[in-house]
Each structure stands twice: as structure tokens, then as C-alpha cells.
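A closer look at the structure
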Amino acid sequence: MAVATTKTVAVTGNQAVAEAFRQLNPDVMPAYPITPSTGIMESFTSFVSNGKVDTETILVESEHSAMSACIGASAAGGRVATATSAQGLALMWEMLHIASGYRLPILMALVNRALSAPLNIHGDHSDGMGMRDCGWIQLFSENAQEAYDNTVMAYRIAEHKDVRLPIAVNMDGFIISHSIESMQFMTDEDVKKFVGEYIAIDPLLDIDNPKSIGALVLPDYYMEHKRAQHEAMLNAKRVVKEVSEEFARITGRKYDLFESYRTEDAEIVLVALNSAAGTIKDEIDRYREQGVKAGLLKPRLFRPFPYDEIGVALKNARAVCIMDRADSYGGYGPLFMEIASAVSPQRGPVLFNKIYGLGGRDLMPLDVDKVIEETAEVAKTGKVRIMKEYISVRN
Amino acid sequence: MKQMNWKELPHAGTVLKAGNANEYKTGSWRSFKPRWVEENCIQCLFCWIYCPDSAVTVKDEKMTGFDYDHCKGCGVCAMECPGKKGNKAIVMEEEGK
């Protein structure tokens, strides 16, 4: 297929995602706008007011209700989307499990923001990591382009017959959501063709075939339901690859389960999600010029987590620093724990963990330099000084 | 009823057939069992009205006994039963005695 016509624009991450939502034209969009995701709803509701979409927006009284309305609309048979951040997602928590348990392919734009307390509105991944076990597919995006592309691909992944699970597309609050970047939009026709028609499974509005959803399941069947849900999640990994390959054929933009940046011959590898990857890539380029064999692994798909593939990608590295923009107090960072499960403790690289950027603190190039140098030292000596450490915290 | 494995479950556990709760037997939950004492029954049908599990069987507008496949032994019927001259028409008896 020929590469489609695209339009180069300068937009914020929020505007990029709102544009993807406009092109996807969901049937229903319940939301309770919260910083920093508010811009998505701001743009989208103007599309609604101007008749650019057929979407019915439902402005509810809380995020718990927003997700409840998403579930109702999706179970009825509609294509549904919402957007939220931080406390909003936290308030949705109960309903997130219901959405995945009912196997409803709801799309959420999650603009990552720190959780209170202390109250903070800036970007980190504590909200996204908090929904790790809620049964949602989780995609992470480095910049506005990736957030847009992931959003365009999201329904194709979530609605696949072997998957049928809700999906969250993550991007960093403020750093991406509020910064203007140059990026490419697809044409409306291409998005429409790519996404296709939605055919709901057992929709409640099919009133000729009455049905009941959300029935009580006792100990004799609950585990079978959960096992089936895990299988759907495992299937999502294959579907993400297939959909990404098809997307690449149309747009020329290639995505995998994770991005490997200069890792082929890398002796030291940094692992990080979302926008920090941009800064890290710059610094890796600088160190490469000095002959340091450094690389970056940036997971795109966090749930289901591609353990086998990442294990293979990291097996030849000597030291790996996993950088978490979220914390598990009294434990290691959530990304560290995944990577530790993916690599062989005997034959794999030496791992250590850095916590950075909580509450929107910038990760500066100099911070990355220190990490690269420490990782090089660990590769040389095989010894880790401190297993888990906080970057740029004042002592 | 043969139990389904996880691959055989309907999508999302959606119940597609109306009234199939009847196929799910709950009688084994019981620790006390209601016994009908017919001579004390005035056929008021309070037991039938109050039973939360539709486990009181009625034929031709007359109480005929219990559906022990579904009765969970809650005892509401025995509690509500007015009986005749102070003698209950439903008595709860411990299972396995």
C-alpha cells in the first residue's frame, strides 16, 4: 500500500489525541475533565459543538461515574472513549476492573500525572502504574506523534475478537500534553478505513436477544473467568504487533512492542518509558561518539508485558539501569520489577534501579549522563553500589 | 451439571439464556431444612410469597412442599408461617439428623 497523504502540524499532545478522537468518531464519550488531560476534552467538546463528530458526550459528576458511563455505553454496543489523569484515574479504579472483566474495548487517553499527596499536578507515571493489574492494555508514548499513532491504533487492538479488552494510551502530563511539537496527522479517510466498523459482541441494545451481564460468579467459576481474561491479554501482544505492522504499511511509521535504540551491540542499556526517552537518546548519541556502547530500551506495551522479547533484547548487555518515573515505597520501581522478571538472574545483565522525575521534576541531560556513567561502571566492575536510588533528590 | 473449563465460557460471562439460574442447584448450601407439616397448613401461601428463592412449590393454588434443589434453608418461610392454633406448618430441622 502506498504511504498515505499526511499533514504536518504543530500541536500539543492533548490536541493530537483530541484530533485522533475526532477521526475515530466514538459513539459516546463520558468524561470528567482533570488536569493535565483537560485539553483533550476541551478540543473534543468543540468538535462536538461544531458538528465535526457524531459523538454523544456525557459530562458526569465524577470519574467513577465517567468510567461507569463508559461501561454502560460500551455494553450497550457503542464505541466509547474517555480521558483522565491521576486522581481521576484513581477514582475510576473500581470500575476499571469492571470494564476489563466485562471485556469492553473502551479507549482511555491517560495523561500521566503524579498522585496526591502531596498534591501535585505534574507528570509522572504513578497513575498508570496504579492501573497495572486492572486488566487494561497499556501503551506508552514518547511524544505527541506516538500518542496520536497509539490512539489511532488503539481500537483495532482492543476490539480484536481474540482480545476484547479496554486500552489506555499513556503520555506524559505537561511535558507532552502541553508542549507544541511538529507531527503528522493522517487523513480522515485513512483513519476511518484503518479503524473500520465496530461490531459489538452481545450488545445490550440488541433487544431481540435479551441477555444479562455482570452476573454473580462464585468460587466454582471465578478462576476460569480470570484465566480467560489472562489469555485475552496474552493475545493482545500478537495483535499489537499485527496492527502496528499494518499501520506502518500505511503511514511509514514503525512501532514494535518496545523501541530498541542503539541496543544491538550495547554493553550498557537504560530502560525508560515515555518522554524521558527523548533526552536519553540524545545523551546516548553523545556517549556513543566517545565510544561508550550505550543503548536505550523504551517499552511501548506495558500490559501485556513482553517478557520474552525484552529478555532476548537485553541478554547481551552487561549492565542495565531501569529508570522508573513511579515508585513502590518499600519495593523497587514498577518497571524495574518487570525487567527483573524478563531477564535471567544467572546469565543476564546486572540490573539496578533509579527513580526519577516524580511530580514532574525534570530529567536533565546531566542526570542522564550520571546514569550512563554509573551503568558503565557497573558493567566494568559487575558491582552495584545502591540497588535503588533517587535521581536529583537533595540530601 | 458438567462444569465448563475456561475455554468454554461464554464471552465475558454474559448470560445469554433467560432463566438459567434454575439449572444452578443451591440445595447443598442448606444447614437447616424446612419440613412441611400438612395438618397445620391453612394454605395462606405466606411461605410462597416470602421465599426469596422461589423454592416453595405450589400446584392449583395450593402449597405442596419444597424444591430442595434450590431451597437454601434460610428459614423465612418457617418464621412467617402463622400455622394453625399455635402449631407451625413449617418447621426447620437440622440437616443430617
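Structure: above.
First, a word on scope: everything that follows refers to the structure included in this document. These numbers come from a predicted model, not from an experiment.

So, on to the nonpolar core. Most often, soluble globular proteins keep nonpolar side chains buried together rather than apart. All names here are of chain A. Ranked by internal contacts, the top residues of the largest apolar core, which has 124 residues, are Ile157 and Ile167. Per element, the largest residue contribution to this core is nine residues, and it comes from helix H6 (residues 144-158). Each of domain 1 (6-251) and domain 2 (258-390) contributes no fewer than three residues to this core. Discounting residues that sit within four places of it in the chain, Ile157 has contacts with Ile137, Val163, Ile167, Ala236, Val239, Val240 and Val243.

Glancing now at the pairing of strand E10 (residues 268-271) of chain A. Successive side chains on a regular strand alternate, one facing one side of the sheet and the next facing the other. Residue and element names in this part refer to chain A. Residues of E10 alternate between two faces, with Ile268 and Leu270 on one and Val269 and Val271 on the opposite face, all of them buried. With four bridges joining them, E10 and strand E11 (residues 294-299) adopt parallel strand pairing. Paired with Val269 across the bridge in E11 is Gly295. Each parallel crossover has a hand, and the one from E10 via helix H9 (residues 276-289) to E11 is right-handed. Of the pairings in the sheet, the one linking E10 to strand E13 (residues 319-324) comprises four bridges and is parallel in character. Bridging across to E13, Val269 finds its partner in Val320.

Let us now look at the sheet that holds E13 of chain A. All names here are of chain A. Reading across from one edge, E9-E11-E10-E13-E14-E15 is the order of the six strands in this open sheet, with mixed pairing throughout. Every other strand in the sheet has two partners, leaving strand E9 (258-261) and strand E15 (388-390) as the edge strands with one partner each. Strand after strand, the sheet turns through a mean of 20° between neighbouring axes, direction not considered. Bridge count for E13 against strand E14 (residues 350-355) is six bridges, and the pairing is parallel. Residue Cys321 lies in a different strand from E14, and its bridge partner there is Phe352. Its contacts with the sheet put helix H11 (residues 334-342) on E10, E13 and E14, and the angle it makes with E13 is roughly 145°. Sitting on the sheet, helix H12 (residues 365-381) touches E10, E11, E13 and E14, and the angle it makes with E10 is about 135°.

Basis of the calculations
- Residues numbered from 1 in each chain as written.
- Chains lettered and ligands numbered in written order.
- Predicted model: local features only at pLDDT ≥ 70, side-chain atom pairs only at ≥ 80, totals over all residues.
- Core = buried A, V, L, I, M, F, W, Y, C linked by C-beta atoms within 7 Å.
- Buried ≥ 20, exposed ≤ 12 C-beta atoms within 10 Å, placed from the backbone.
- Helix = DSSP H or I, 4+ residues; strand = E, 2+ residues; numbered from the N terminus.
- Domains from an automatic or database assignment.
- Contact = placed C-beta atoms within 7 Å.
- Pairing = 2+ DSSP bridges.
- Right-handed = clockwise from strand over helix to strand, strands pointing away.
- Axes fitted to C-alpha atoms, helices over the stretch in contact; angles between N-to-C directions.

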